[in-house]
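# Examination of the molecular architecture
Here's the letter readout for the chains.
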Amino acid sequence: MANMNRMVDPMAVTWSERYNKTFERVWAKLPNFLGSFIATAAVFILGSSIRGDWLLILVHFIKYLRNGQEDETNSTLSSEVQTLYGDFSLKDYKLEGLPYYILPAMTISYVTYLGVGGFLHWYYYVRQRDRPEEWKCQPTKWLSPELERHEILLGSLSLFFGSVLSGIISCFIMNGGRTFIYYDYADYGYVWAVLQWPAIFIWQDYLTYWGHRIFHTPFLYKHFHKLHHTYKQPTAFSVTAIHPVEFLFFQGILISPMFLVPTNWITMIVLLSYTYYHGIIDHSGINFKAYWWQPWQPNCIFHDNHHQYFHVNFGFNIKYWDTLHGTDRKKDRLYREDIFYGQGKSVDDATEGELAQDMAERESENPLAYDNNQHAYELKQSDLKTSKKNK
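Structural notes, computed from the coordinates.

Conventions and cut-offs
Residues numbered from 1 in each chain as written. Predicted model: local features only at pLDDT ≥ 70, side-chain atom pairs only at ≥ 80, totals over all residues. Heavy atoms only, no water. Helix = DSSP H or I, 4+ residues; strand = E, 2+ residues; numbered from the N terminus. Contact = heavy atoms within 4.5 Å. Areas by Shrake-Rupley, 256 points an atom, 1.4 Å probe, with all protein chains shown as cover. Salt bridge = Lys/Arg side-chain N within 4 Å of Asp/Glu carboxyl O. Disulfide = S-S within 2.5 Å. Buried < 20%, exposed > 50% of the residue type's maximum accessible area, 1.4 Å probe, protein only. Patch = residues over 30% accessible without salt bridge, like charges linked within 9 Å, V, L, I, M, F, W, Y side chains within 5 Å. Core = buried A, V, L, I, M, F, W, Y, C linked by side-chain atoms within 4.5 Å. Expected span 1.5 Å × (residues − 1). Polar contact = N/O pair within 3.5 Å; in protein donor to acceptor, adjacent residues only side chain to side chain.

Another point: the overall build of the protein. Counting secondary structure elements, the protein contains 16 helices and six strands. Sequence separation of 24 or more characterises 71% of the internal contacts of the protein that already satisfy a separation of 6 or more. Accessible area of the protein: about 18,600 Å², with a carbon and sulfur share of 63%.

Turning to the pattern of salt bridges, a few remarks are in order. A full pass over the atoms with the stated rule returns twelve salt bridges. In this structure, the salt-bridge partner of Lys-330 is Asp-328, at a minimum N-O distance of 2.9 Å. When salt bridges with common partners are traced through the structure, they connect Arg-336, Asp-338, Lys-345 and Glu-354 into a single cluster.

Turning our attention to the state of the cysteines. Applying the stated criterion across every chain yields a total of zero disulfides. Free of any disulfide, Cys-300 has its nearest cysteine sulfur in Cys-137, 4.1 Å distant. We classify Cys-300 as buried; its relative accessible area is 1%.

A cluster of nonpolar side chains, namely Trp-203, Leu-207, Phe-259, Leu-260 and Val-261, defines an oily patch on the protein surface of about 400 Å² accessible area. Summarising the element assignment, Val-261 is placed in the loop between helix 11 (244-255) and strand 4 (263-264). Val-261 sits in the partly exposed class, given a relative accessible area of 31%.

On to the nonpolar core, then. By size, the foremost hydrophobic cluster in this structure holds 31 residues, and its most contacted members are Leu-46, Ile-50, Phe-119, Tyr-123 and Ile-280. Those elements that provide at least two residues to this core are helix 4 (32-49), helix 7 (99-126), helix 8 (145-174), helix 12 (265-283) and helix 13 (300-309). The biggest single contributor to this core is helix 7, with nine residues.

Along the chain, the position of Gly-115 falls in helix 7. What makes Gly-115 partly exposed here is its relative accessible area of 38%. C-alpha separation for the pair Gly-115 and Leu-46, spaced 69 residues apart in sequence, amounts to 9.1 Å.

We note that Phe-310 has phi near 75°; this positive angle belongs to a residue other than glycine. With respect to the helices and strands, Phe-310 occurs in the loop between helix 13 and helix 14 (320-325). The buried category is assigned to Phe-310, whose relative accessible area is 8%. Of note, Asn-313 is a non-glycine position whose phi angle comes to about 55°, a positive value. With respect to the helices, strands and loops of the structure, Asn-313 is situated in the loop between helix 13 and helix 14.

Here we come to helix 12. Between its first and last C-alpha atoms helix 12 spans 27 Å; for 19 residues at 1.5 Å apiece the expected length is 27 Å, and the two agree. Taking burial as the measure, the 19 residues of helix 12 include 17 buried ones, the bulk of the element. With a side-chain oxygen positioned 2.9 Å from the backbone nitrogen of Ile-266, the residue opening helix 12 is Asn-264. Just beyond helix 12, the residue with positive phi is Gly-285, at close to 75°.

This is the structure:
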């Protein structure tokens, strides 16, 4: 009976297993290329929608069509939704009609998270569960159903706060709130129209690297970020399964350019979509690899290693930050949850037990997740023993 209750629990991903045969019958009728396209599109939709930022895209598009002018129709809503406490009103803060933004943002976020996220879970973790060595970064290790449910519950809580933030910003912009977003590339010249792409992307990613690294210091890790590292084998649901304070912190970094520097609306939307898309990819646990035109982008195994080994590989969309600061994973170092600051521990200083534990972790990785399908961190037990002996 307990198992049956878990099977129908909407906050557990086992519901996709219950309807697996039905899904398989439908999927079998689709051409292979269409199935792959749907799976890729699902990742993009999930990444761009779960935080409520689809609403930002819509608001910016409407503002573009109106040449950047505010939405005067919101004035008709004042008597219905204006919140008054003495002399205070939402209208004074460019937030008139706020519930009409927050509720749709929240609704789409949850529908996308549970619906599209559930589809992706079925497509890989149910449909291809019998051959994980072909697609999974850690093919011999899986999250338990209890941890899967935990990450969905935590992710849903963070989505609540993220949707509220997106709703507030969208409402603020639509009501004429001041930002540095502009709608014609010619407004700030075509040189800045080109340079803003790498400048804003680097700004977002470098701040995210340092923010992430700071959350891996002992105090912040224990009280905030450790929650996210409950999932040593991350899935697509893990991307929002972080402490709400941390969730809002990183979302603030990503939207900061629109309040700091002239940023074209297309640039902002594309970069946010790119970042959220790869957030799903990096947490998927699937051996996705960067394309040839993305020399800056690490493969999925890079962040999967971060979850598996904890305090290493802090970067997200630009892998060179870790190389620059010496926090990238190295072949001759050991990493685990109680070794902070991204430098690891030399194999020469490790005990036999530590070496054996580390070798077991290395052997659980999928070589197919690395470039050239070759294990990048292969270090033979004999090599470790020789290193220890020569110490």
